[in-house]
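Below are the chains, spelled out letter by letter.
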Amino acid sequence: MFGVCYYPEHWPQAQWEQDAQMMSELGLTYVRIGEFAWSRLEPNPGELDFTWLDQAILTLNNAGLKVVICTPTATPPKWLIDQHPEILPVDPNTGATRGFGSRRHYDFSSVQYLQQSLRITRALALRYGSHNGIVGWQTDNELCCHDTALSGSSNARSAFQAWCSDQYLSIEKLNTDWGNVFWSMEYRDFTEIELPILAVTETSPAHRLAYRRFSSDQVVNYHTLMVAEIRQHAPDQFITHNFIPMNETAVDNFALAAPLDFTSYDNYPLGRTDLMLTGAPADQLRRYMRTGHPDFATYYHDQTRGLLNRSFWVMEQQPGPVNWANNNPRPAPGMIRFWTLEAFAHGADCVCYFRWRQAPFAQEQMHAGLLRPDNSKTEAWPEAQQAMLEVSKLDITNQTIQSASVAIITGVEGLWVSDIEKQGEAYDFNSVQFSYYSALRELGVTVDFISVDADFSPYALIIAPSLPIIDSAFVEKCKNSSAEFVFGPRSGAKTSEFGYPTDLPPGLLQTLLPIRVLSVETLREDFAEVLTWNDRQYESCRWREQLDAANSEVIATYYNDEPAIVRSGQFTYLGTLTNRAFLLDFLQQQCEHNGVRTYRFDKDIRVVQRGALMFAFNYSEQPQVLPIAANTQWLLGNATVEPHGIAVWRAIE
Ligand code: GAL
């Protein structure tokens, strides 16, 4: 269950056969091709040329390899842009058209581009939809990467007006829902509606929320139609997409994933760690610069698995230095094997390396591959080989993925709300969500990411770190669930149209928790104050709510003895953000109270279960001894886990 990303169009045909031979010798099964090849598939308008692709597929198939083919829609060719310049998106922050010359230069609201995309997709699906050597499809490539979900084009504006008309039915309702009487923002007709961009100062948050919902719908609609087109002509081949995480694209990935057979993720732990820790103290970044932060890769693996609640693929796996972060270090020895096994442990069924050979030309020439441009093998090669042996020996892909006992409720609306109404510079949806995840992972707890629509019954503990918009169906589900719930601050704090609940936050959650949020204050990141819980002192920071908790049990207090965390039955509400020490102690207590096993290993050890296998990953530079029962049945390694090493043992039920 291994593969590679290959670009036959980058190399002379004479090279293909040797490449295919070497791929097969390495033990690869899958080769993903074609996602940027439109200019070669249709060099001139309407002149389709599949001969080279037929030949490439044949060469790969002859070496025993199976092909995953992509729609080439991430890169419309120059002639198409010249024919229809309105395909180009407009940067909503500057109003400038984003030009040709890289990739993703298209607008999800361009009807012309949608038609062109479906046309090329149909042509490919007709040709390859029943081809024996093709196992499946990847749609486009990393939809909305490079900040392309939003567009400020006139196409987007007219589509937004039509969307508003569908959603609100009357302009009066829209004016009321958005609060347009404020600052004389009232519209007389849907055709007057502007995009909430390039205004003098802040536009209405409800208007911006609608624009986010609309933009997400545009992406989902584009993608769903593409999937349907492939499905029609390729009913027996799988369809997947390599997702960019929801917190980066601000698009509803649950909706995007719905028509797919499984989801995929592109795993670049070092690039991601560098970007996420930009601005963090140097020590924090240096510690993980060659391994990636212990929770960054799996944070996205677990979310990717959660989109359809089933196993996923890593469609691109970093094999060495990348070219796109602020700084691009080499992975520590062993990390390619480590990340590969980690992905499988978190539910991957296949890992494909990006890319086969480093390109000696164009934008990514500083990006490593399995081979260097001179065809010599990089350090990733033997590591991938080792990972293949181990994955097969441990039979990981046949381990069923059972539900975890703990779930984090995620969703794009929380992100939209925190982007639109910052209120405090230190409140950030993703860091809030990540802090809970990372604390649970340090406790060795396996975590599922679920949406509000998921089945809650498998879970003992459900955590909603940032869920500002809820509806009564959700509240009913919580009431009928046997799980314990932990709600973070801001839960239920907004109506579906970004209003303040008239009965005060947490709005509809008041049916579960009889509390009222009297006011909210936000503090600078470094201005923490005391939080007292279980007679111990922690920190309350960044976001703090003043709670009227007369009718519930107070379980933690602020420096002035006012309630900070309250409970009512199975529901706990945190009125504040806290520090890691608190999250570790509090979540450990919550887990144990609900029968979920926790571990307190070194902070750089991560433990996860897949089927009958328990895995431990050591992110530190020191050997770590796992305090595990003497009769443990070790399947890989032993209780002393090497630096950047892995141990696997049989889970005892
Ligand atoms: C991915 C992208 C690839 C390549 C790679 C470089 O995000 O899908 O096409 O650009 O990054 O790391």
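Refer to the structure above for everything that follows.
Our subject in this report is the structure included herewith. (Residues numbered from 1 in each chain as written. Predicted model: local features only at pLDDT ≥ 70, side-chain atom pairs only at ≥ 80, totals over all residues. Heavy atoms only, no water.)

## Looking at the packing of aromatic side chains
- Applying the stated criterion across every chain yields a total of 49 aromatic pairs.
- For the pair Tyr 168 and Trp 178, a centre-to-centre distance of 5.8 Å together with 85° between the ring planes defines the contact as edge-to-face. Here Tyr 168, found in helix H6 (residues 154-168), pairs with Trp 178, found in helix H7 (residues 171-178); they are 10 residues apart in sequence, far enough to count as distant. With respect to burial, Tyr 168 and Trp 178 carry one shared label: buried.
- Through a chain of ring-to-ring contacts, three or more aromatic side chains come together here, namely Tyr 265, Phe 296, Tyr 299, Tyr 300, Phe 434, Tyr 437 and Phe 449. (Phe/Tyr/Trp six-rings, centres within 6.5 Å; stacked < 30°, edge-to-face > 60°. Helix = DSSP H or I, 4+ residues; strand = E, 2+ residues; numbered from the N terminus. Buried < 20%, exposed > 50% of the residue type's maximum accessible area, 1.4 Å probe, protein only.)

## A word on the side chain of Arg 544
- With respect to the helices, strands and loops of the structure, Arg 544 is situated in strand S16 (residues 536-548).
- With residues near it in sequence (within four places) discarded, Arg 544 still touches Ser 519, Val 520, Glu 521, Leu 523, Glu 529, Tyr 558, Tyr 559, Gly 575 and Thr 576. (Contact = heavy atoms within 4.5 Å.)

## Structural notes on the side chain of Arg 104
- Within the element layout of this structure, Arg 104 appears in the loop between helix H4 (78-83) and helix H5 (111-128).
- A residue is classified by how much of its surface remains accessible, and Arg 104, at 3% relative accessible area, is buried.
- Looking at Arg 104, its side chain comes within polar contact range of the side chain of Tyr 106, at 2.8 Å.
- A distance of 2.7 Å separates the side chain of Arg 104 from the side chain of Asp 140, its partner in a polar contact. (Polar contact = N/O pair within 3.5 Å; in protein donor to acceptor, adjacent residues only side chain to side chain.)

## Considerations on the site of the ligand
- Surveying the vicinity of the ligand reveals the residues Phe 36, Arg 103, Asn 141, Glu 142, Asp 266, Tyr 268, Glu 316, Trp 324, Phe 354, Glu 364 and His 367.
- Take Glu 364: an N or O atom from its side chain is 2.4 Å from an oxygen atom of the ligand.
- Its free accessible area being 310 Å², the ligand has 94% of it covered by the protein chains.
- Here the residues of the shell around the ligand sort into 4 nonpolar, 2 polar and 5 charged. (Near = heavy atom within 4 Å. Areas by Shrake-Rupley, 256 points an atom, 1.4 Å probe, with all protein chains shown as cover. Nonpolar A, V, L, I, M, F, W, Y, C, P; charged D, E, K, R; others polar.)

## A short note on unusual backbone geometry
- Omega for the bond connecting Phe 354 with Arg 355 falls within 30 degrees of zero, at 10°, which places this linkage in the cis form.
- Note that Arg 355 resides in the loop between strand S9 (348-353) and helix H15 (380-394).
- The omega torsion across Pro 505 and Pro 506 is 5°, close enough to zero to call that bond cis.
- Of note, Pro 506 is situated in the loop between strand S13 (484-487) and strand S14 (516-522).
- In this model, Leu 504 sits at a positive phi of 75°, which is unusual for a non-glycine residue.
- With respect to the helices, strands and loops of the structure, Leu 504 is situated in the loop between S13 and S14.
- Backbone geometry at Arg 542 places phi at a positive 60°, although glycine is not the residue there.

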